[in-house]
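Understanding the architecture of this molecule
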Protein chains: 8
Amino acid sequence: MNHNPYLRLDRDNAVVLLVDHQAGLLSLVRDIEPDRFKNNVLALADTAKFFDLPTILTTSFETGPNGPLMPELTAMFPDAPYIARPGQINAWDNDAFVEAIKATGRKQLILAGVVTEVCVAFPALSAIEAGFEVFVVADASGTFNEITRDAAWRRMEAAGAQMMTWFGVACELQRDWRRDIEGLGTLCANHIPDYRNLMTAFHAQQAK
Amino acid sequence: MNHNPYLRLDRDNAVVLLVDHQAGLLSLVRDIEPDRFKNNVLALADTAKFFDLPTILTTSFETGPNGPLMPELTAMFPDAPYIARPGQINAWDNDAFVEAIKATGRKQLILAGVVTEVCVAFPALSAIEAGFEVFVVADASGTFNEITRDAAWRRMEAAGAQMMTWFGVACELQRDWRRDIEGLGTLCANHIPDYRNLMTAFHAQQAK
Amino acid sequence: MNHNPYLRLDRDNAVVLLVDHQAGLLSLVRDIEPDRFKNNVLALADTAKFFDLPTILTTSFETGPNGPLMPELTAMFPDAPYIARPGQINAWDNDAFVEAIKATGRKQLILAGVVTEVCVAFPALSAIEAGFEVFVVADASGTFNEITRDAAWRRMEAAGAQMMTWFGVACELQRDWRRDIEGLGTLCANHIPDYRNLMTAFHAQQAK
Amino acid sequence: MNHNPYLRLDRDNAVVLLVDHQAGLLSLVRDIEPDRFKNNVLALADTAKFFDLPTILTTSFETGPNGPLMPELTAMFPDAPYIARPGQINAWDNDAFVEAIKATGRKQLILAGVVTEVCVAFPALSAIEAGFEVFVVADASGTFNEITRDAAWRRMEAAGAQMMTWFGVACELQRDWRRDIEGLGTLCANHIPDYRNLMTAFHAQQAK
Amino acid sequence: MNHNPYLRLDRDNAVVLLVDHQAGLLSLVRDIEPDRFKNNVLALADTAKFFDLPTILTTSFETGPNGPLMPELTAMFPDAPYIARPGQINAWDNDAFVEAIKATGRKQLILAGVVTEVCVAFPALSAIEAGFEVFVVADASGTFNEITRDAAWRRMEAAGAQMMTWFGVACELQRDWRRDIEGLGTLCANHIPDYRNLMTAFHAQQAK
Amino acid sequence: MNHNPYLRLDRDNAVVLLVDHQAGLLSLVRDIEPDRFKNNVLALADTAKFFDLPTILTTSFETGPNGPLMPELTAMFPDAPYIARPGQINAWDNDAFVEAIKATGRKQLILAGVVTEVCVAFPALSAIEAGFEVFVVADASGTFNEITRDAAWRRMEAAGAQMMTWFGVACELQRDWRRDIEGLGTLCANHIPDYRNLMTAFHAQQAK
Amino acid sequence: MNHNPYLRLDRDNAVVLLVDHQAGLLSLVRDIEPDRFKNNVLALADTAKFFDLPTILTTSFETGPNGPLMPELTAMFPDAPYIARPGQINAWDNDAFVEAIKATGRKQLILAGVVTEVCVAFPALSAIEAGFEVFVVADASGTFNEITRDAAWRRMEAAGAQMMTWFGVACELQRDWRRDIEGLGTLCANHIPDYRNLMTAFHAQQAK
Amino acid sequence: MNHNPYLRLDRDNAVVLLVDHQAGLLSLVRDIEPDRFKNNVLALADTAKFFDLPTILTTSFETGPNGPLMPELTAMFPDAPYIARPGQINAWDNDAFVEAIKATGRKQLILAGVVTEVCVAFPALSAIEAGFEVFVVADASGTFNEITRDAAWRRMEAAGAQMMTWFGVACELQRDWRRDIEGLGTLCANHIPDYRNLMTAFHAQQAK
């Protein structure tokens, strides 16, 4: 019988890392269609805000063709550590990035970025080696096509990363709806059109 | 040689018809994924506003399981004719709906709704028979699956409807960017994430 | 401007033709997955019952590998004309079949069968030539794959057949929910799981 | 050489857990089409009945937008433990749910629910940690899209869950057709249209 | 009402044209997978033989990279006119090809080839212009991808070609199973694995 | 019987129009994957060169986010008319563009661009109305997704445009391999990897 | 560094197990299209013959709706052990089946069957537990859909089964083309149409 | 907590193995479309050149139907060890191939080839057994279809191979853009059309 421990996200021990969601690089993402991908990234950002998780932003060559960070992220996290890497491809090779993580004292890394097999996979592998628990937010990470995505997922998974999506992250952090019903409901309604529909119909009927 | 006349949208002759985008019925739409569909419907609504097109809203049994109209539409068009049909499935069978259209004096109908083969196709066919030009906004209309969509498109097309999508509608109404560059740019940036990225990168570089 | 007349289904002028939905032939259908296809065929049959439309059943070599008619259809239409064709592939080549249609005095044929490019397309083309209006129920008809389906649809469409699906047929026959709200609601709930869910949620909330 | 033990379902040691198959939440399921998904859930329920397995039902906020449990499940298991969770997202965090499982004295959990990465994955991971064997019924569990499904499967699998589908569960519990030929045949015919066709053809020919 | 005549295949008026099914060119076909495509081409050839239809073979530059004709076709039609075109891309530009067709005195052309948008579409359009009825065997014709296929079908269809597949051709030529039950059954069993299965099961049960 | 004339491309009567293949707009194209799309556009350009067809380039707002024309096109056609439109969305609304076409004295327009439903469809419809024959190069035109593509194709087709792809255009212009075997072979080998493979294998074997 | 031993197929230590490829059950297979699946099964059978591997056939209830074994298999292996199981679903629960395997003295099981998650997965898991090396021939095994296939593959893989396809099996058994060039070439040409084309073109050119 | 070491590519310890990218075998590749596949293979070759990695070429029966190596590879690596294997299917069974690898003194093998489950998987498994670290370049390796690819990936992954794609390999070798910005930028622009577009737009704007 299998008694593996359940590595469970804990809102007092998690930090969110958003890696290279830059305007130029986003045009490379073709394994998720753009409306859905944009929504997923903003949903993850809203999740970070909702749970007051420390959040770290980083970019690669933002003054070149890779382009600036999505302005929504800059606006949402004005006080977050923001590491514009001078050249390191693997964000973990940048000391300021690792220091920013360590400064939080947290051990669970919630990680998303563009493109998956590089900007997500490289720091994921480094972080696992360094003893962190890594939770990849797969649907807020994007890459060229399904083949590159699939290879990237397998490499990270084989190394011990946990594959998740933004809604699972939000629910695992929340644990119990009673913690803040209104808040989680709003998060869902803003980023899951089907859930918005459920709420619209429900409240209309209640109002009768 | 073929000299078919080009039936071209004219912003002084067009009216927008939004049929049955109701919270319950939206859960039936499975030929477009929800993030994209919601975006398309709101993009069409924004297009109607941007060109000051007369817009008519209608619903079917909104107090039953079909549910209320998407609240965004109600909010955007507070003064639009709003026909809550008491039972007619084909909106064209409802006199108030047809009167609202005729009251605009316009002959070009820009039509979208849920579900495509019923709420869109039935009034499209009736309107063509009544001498109107019908432009179906295919990506702001949804239905159960690709087979139902494909059959619906073919029936409307065989009757003479023009198949379009929201972006083509916007561009054909605009004719020339110089009419309002800022306005069309904002419309695109708000509803086409890839276009937003282009603008973000462009403006960042200009600012240097 | 286009003033094509709208060929609209009329419940006093329509007859339903179910062609070769036989247990053996059903194993050939691979352009729709089996759960959905079975549901669509039964939904069309329920539609025929709900509107009291004359319905005609026919089979091809049912004592051979093609197998017997789906038992549900036999049970639902015990008094319907049932033409077990001795060899004609195109049901229209069978005099008894055409006579059964003519005996109804109706001119609108609602047609579905297996396989689409043969058992549906051949009688569709013959019926159009004979002056009938033909409405193909595309999602209650099945064939080997998407290529055969697509070719079959195009051939029928080019000849003047109207492509529909069972839900569109039901709604066009109904015209107005007030004709029988309960009846149409039940039909929908029994064959559209998403609609069943809407009704379940609605009634639960009403009961509070 | 590999001598892994075969964790095999045993009808004297298994319990079925149906988590959050609620009318509202079902509208979120888009990785399986609705006809097939509804059939799979009912097939799993019929399997539980056929083998007289203890079955436990649970829901999340059923008086809110998530909506009531599928009425078919309520009707089929009138005497089953039914835990309407007041707020816990992970059913395993609800003591009554875990107590109901422990009260059966069984160690093999056959688990399905909506949505996969939350309502299935969270209790699956908790149960594995607690020493249970977990068998996920993948085709009776649903979620937003293929990406969320794929990530959820990988996380559960990495933790030691066995990925199964309802038909495999039924066959592994049955072990030998001779245990009850009629019963298993009926279960298959009711939920596998292709198998129904085989039986129809077979019996028709036998009757000759 | 629509009274279009039904252009129906007649085995006394049809001729089969197999255009450029050459070993090299076959490697370009990627809109149908190879096992299925090979089967379809041979099924069409068997159909031609079964109905004793005059059949004409033609190739393009068979001594160059395009390669020799599929050896199965050469073997099946040793006495058929065989036009190795010295350079004309549109077979209709080759006088010997057109003469061979005219020599049959037949007006219905059953046409398949590789690649669809060139080797099939060009002679199809020329033949229509010359007053022939053209029936394209879509699933025995192949091309680079779905986009090229789709464009080719539309161009031919708009010009008046009938889109068919080999099984539809065979059934329309046969008209009545009683013409030769054994023959048509064998044709089906050899080229439709699912039909072979039906016959295997049927005969096994009969033998009991 | 159908005697439609075959509208056939003639290298003395055709002109190539490349509309808005700009670096920014190309990031919007998601109905064809980028490697294939880039290849198709360059293949069409090479075809224009190979047949010495007059070619006209046009762009929309190239100094803004839409970006500059693909540099390969600028380099290949240094002497071609190049119309940088100051604002007209439909290139046909720009007098210089129409004049450039009329100056060639040609009546067949080979047209490709980005995005299909706007930059291709609008001038296509205008040109048909003006009495030109329009041949759309579908695989050198791109847009947001399959739904927008499909709608665009249908609208153009209904107006009388011919749907083609670059390889069909090249073959219809060439008519006979003997016109220039080497040239057409090179064109194919450079843009169809499978054809390159055939030639590599063929020549290697010849060299033995 | 990883030094896992390579479990490599050895033609002196392998036995082929064909489980339940029965005419009725084949109609359940919908994760591979029928032409390809039939070809794969026969290719595996030819592989077994080519390498003189001991081969064991087994069926489940072949006198009922499951139907008789594919006649091609019966004809190819007239002297093979043939175990018509009286009721055991897992072939490993049938003593005669296990005895037949043990009688060969071989430890490597090459296993294929219908349906994958039951008739393949159950004996695969049992065999691994019993100390055999299991090589699943994935493309000669079929099931209801991609979800059932994917779950079945994961369960077997987690237990230590090697996932292979018929061509990989043949190549690993062959080791060196020189062992029998003609034989392997014929096997490939008969079951890989693209390889047949290569050989046709090659030999035609050699003959010049 | 998981502390797996990160097996990271090191440009002083890696060697590139290109196995059987031959003109004939390439026609078998159908799991990636040809334009993309050709680009990926050349991108990997360019990556090898850019990092001055030792590169080894090998072929199987290049004088037979498998055909000669892609001429681009021969041209790019004129001095690379080139092992034309006389018959061994697994390149690792060829002593010259293994010696060439060992002669480099490197332990990290970057491996790609055609077809994936044979020419890639066999040497990958052998190399792992021999103590090498294996990095499979999945998108520069091709095979018959998705099923064969998926099975091949799983077998290699279970043995400890790392699944990568060419862009991930290039980035992991580069480590820091500052090592050679121009060089990596050129590599990306030449093989990622979307990246080329970003650079075109960026430089055009800079030039203003």
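What counts, and at which threshold
Residues numbered from 1 in each chain as written. Chains lettered and ligands numbered in written order. Predicted model: local features only at pLDDT ≥ 70, side-chain atom pairs only at ≥ 80, totals over all residues. Heavy atoms only, no water. Helix = DSSP H or I, 4+ residues; strand = E, 2+ residues; numbered from the N terminus. Rg over C-alpha atoms; globule rule 2.2 N^0.38 Å. Buried < 20%, exposed > 50% of the residue type's maximum accessible area, 1.4 Å probe, protein only. Contact = heavy atoms within 4.5 Å. Areas by Shrake-Rupley, 256 points an atom, 1.4 Å probe, with all protein chains shown as cover. Lys, Arg positive; Asp, Glu negative; His and termini not counted. Charge placed at Lys NZ, Arg CZ, Asp CG, Glu CD. Domains from an automatic or database assignment. Buried area = accessible area lost by both parts, 1.4 Å probe. Polar contact = N/O pair within 3.5 Å; in protein donor to acceptor, adjacent residues only side chain to side chain. Nonpolar A, V, L, I, M, F, W, Y, C, P; charged D, E, K, R; others polar. Salt bridge = Lys/Arg side-chain N within 4 Å of Asp/Glu carboxyl O. Least-squares fit on C-alpha atoms with pLDDT ≥ 70 in both. Expected span 1.5 Å × (residues − 1). UniProt positions renumbered as here; feature names shortened; annotations may be inferred. Disulfide = S-S within 2.5 Å. Axes fitted to C-alpha atoms, helices over the stretch in contact; angles between N-to-C directions. Parallel < 35°, antiparallel > 145°, perpendicular 65-115°, else oblique. Left-handed = near helix turned anticlockwise from the far one by under 90°. Pairing = 2+ DSSP bridges.

The name given to chain A in an unreviewed UniProt entry is Hydrolase, with Methylophilus medardicus as the source organism.

**A short note on the overall build of chain A**
Scanning chain A from N- to C-terminus turns up eight helices and six strands. Ordered by position from the N terminus, the helices and strands of chain A form the series β-α-β-α-β-α-β-α-β-α-β-α-α-α. In terms of overall dimensions, chain A is globule-like: its C-alpha atoms have a radius of gyration of 17 Å, near the 17 Å expected for 208 residues. Here the C-alpha coordinates of chain A stretch approximately 60 × 45 × 35 Å along the principal axes. A burial count over chain A gives 72% of its 208 residues as buried. In chain A, once contacts between residues fewer than 6 apart in sequence are set aside, the share between residues at least 24 apart is 80%. A total accessible area of about 6,200 Å² is found for chain A, and carbon and sulfur atoms account for 51% of it. In chain A, the 18 positive side-chain charges and the 26 negative ones have mean positions that sit 4 Å from each other.

**What to know about the domain arrangement of chain A**
Residue and element names in this part refer to chain A. What the domain assignment reports for chain A is domain 1 (14-175) and domain 2 (178-208). When each unit is reduced to the centre of its C-alpha atoms, the spacing between domain 1 and domain 2 is 28 Å. Contacts between domain 1 and domain 2 engage 11 residues on the former and nine residues on the latter. Of all residues in domain 1, F50, W166 and Q174 give up the largest surface area on contact with domain 2, accounting jointly for 53% of the area buried on that side. The interface formed by domain 1 and domain 2 holds three residue pairs in polar contact (both at pLDDT 80 or more) in total. Contributions of two or more residues to the side of domain 1 that touches domain 2 are made by α1 (34-50) and α6 (166-174). The greatest single-element share of the side of domain 1 that touches domain 2, amounting to six residues, is contributed by α1. For the side of domain 1 that touches domain 2, the class distribution of residues is seven nonpolar, three polar and one charged.

**Focus on the pattern of salt bridges**
On inspection of all chains with the given rule, the structure shows 90 salt bridges over all chains. The salt bridge involving D20(A) is made with R85(A); its shortest N-O contact spans 2.9 Å. Of this pair, D20(A) sits in the loop between β1 (14-19) and α1 while R85(A) sits in strand β3 (residues 82-85), and the two are 65 residues apart along the sequence. Exposure class is identical for D20(A) and R85(A). Each is buried. D194(C) serves as the salt-bridge partner of R30(B), at 2.7 Å between the closest nitrogen and oxygen. Taken together, the residues span two chains, with R30(B) in the loop between β1 (14-19) and α1 (34-50) and D194(C) in helix α9 (residues 193-206).

**Topic: unusual backbone geometry**
The residue after V114(A), namely V115(A), is reached through a cis peptide bond having omega -5°. With respect to the secondary-structure elements, V115(A) resides in the loop between β4 (108-113) and α4 (116-129). In this model, D52(C) sits at a positive phi of 50°, which is unusual for a non-glycine residue. Checked against the element boundaries, D52(C) lands in the loop between α2 (34-50) and β2 (55-60).

**Quick look at the interface of chain A and chain D**
In this complex, chain A contributes 39 residues to the contact, which on the side of chain D involves 40 residues. When chain A packs against chain D, the two sides together hide about 3,300 Å² of surface, and 60% of this comes from carbon and sulfur. For the pair chain A and chain D, the interface holds five salt bridges. At the boundary of chain A with chain D, the tally comes to 11 residue pairs in polar contact (both at pLDDT 80 or more). Of all the secondary structure elements, the ones that give two or more residues to the side of chain A that touches chain D are α5 (146-159), β6 (162-164), α6, α7 (181-191) and α8 (193-206) of chain A.

**Side note on the relation of the copies chain A and chain D**
Between chain A and chain D, the superposition needs a rotation of 90° and an axial shift of 0.0 Å, giving an RMSD of 0.0 Å. As the rotation angle and translation indicate, the two copies are arranged about a four-fold axis. Take the interface residues of chain A: only 5% of them recur as interface residues in chain D, which is what a contact between different surfaces looks like.

**Some points on the relation of the copies chain E and chain C**
Of the transformation superimposing chain E on chain C, the axial component is 0.0 Å and the angular component is 90°, with the fit at an RMSD of 0.0 Å. In this assembly, only 5% of the residues forming the interface of chain E have copies in chain C that are likewise at the interface, indicating a heterologous arrangement.

**Notes on helix α5 (residues 146-159) of chain H**
Residue and element names in this part refer to chain H. Its 14 residues give α5 an end-to-end C-alpha distance of 20 Å, which sits within 8% of 20 Å, the value for a rise of 1.5 Å per residue. In terms of burial, α5 is largely enclosed, as 10 of its 14 residues are buried. Taking the backbone nitrogen of I147 as reference, a side-chain oxygen 3.1 Å away marks N145 as the first, capping residue of α5. Remark: G160 follows α5 within two positions and exhibits a positive phi of approximately 115°.

**Some words on the UniProt feature "domain: Isochorismatase-like" (unreviewed entry) in chain A**
Here the UniProt feature "domain: Isochorismatase-like" (unreviewed entry) sits at residues 15-166 of chain A. For residues 15-166 of chain A, helix accounts for 41% and strand for 19%, while the C-alpha atoms at its two ends are 14 Å apart.

**Describing the state of the cysteines**
Under the definition given, this model contains zero disulfides over all chains. Free of any disulfide, C188(E) has its nearest neighbouring cysteine sulfur in C171(E), separated by 6.0 Å. Note on C188(E): relative accessible area 2%, which makes it buried. No disulfide involves C119(H); its sulfur sits 7.2 Å from the nearest other cysteine sulfur, which is in C171(G). By relative accessible area, C119(H) is classed as buried at 9%.

**Observations concerning the packing of helix α6 (residues 146-159) of chain C against helix α6 (residues 146-159) of chain E**
The angle between the axes and the distance between the axes are what describe a pair of packed helices. Close contact between α6(C) and α6(E) brings their axes to 12 Å; oriented N to C, the two are set at 20°. Compared by their axis directions, α6(C) and α6(E) come out roughly parallel. Crossing of α6(C) over α6(E) shows right-handed handedness. Between α6(C), through I147(C), D150(C), A151(C) and R154(C), and α6(E), the contact on the second element is made entirely by R149(E), D150(E), W153(E), R154(E) and E157(E).

**Some thoughts on the environment of E133(H)**
Residues and elements named next belong to chain H. Its place among the elements puts E133 in strand β5 (residues 133-137). E133 gets classed as buried once you look at its relative accessible area, which sits at 14%. Residues E133 and H203 lie 70 residues apart in sequence; the distance between their C-alpha atoms is 40 Å. A polar atom in the side chain of E133 sits 3.0 Å from the side chain of Q108.

**Remarks on helix α7 (residues 166-174) of chain E**
Residues and elements named next belong to chain E. Most of α7 is tucked away, with nine of its nine residues classed as buried. Within α7 the residues assigned to the buried category are W166, F167, G168, V169, A170, C171, E172, L173 and Q174. At the exit of α7 stands R175, carrying a positive phi of roughly 65°.

**Here's the deal with the sheet that holds strand β4 (residues 108-113) of chain C**
Residue and element names in this part refer to chain C. Pairing in this open sheet of six strands is parallel, and the strands run β3-β2-β1-β4-β5-β6 from one edge to the other. Both edges of this open sheet fall to β3 (82-85) and β6 (162-164), since each of them pairs with a single strand only. Going across the sheet, the axis of each strand differs from the next one's by a mean of 25°, ignoring polarity. Sheet topology places β4 next to strand β5 (residues 133-137); four bridges connect them, and they run parallel.

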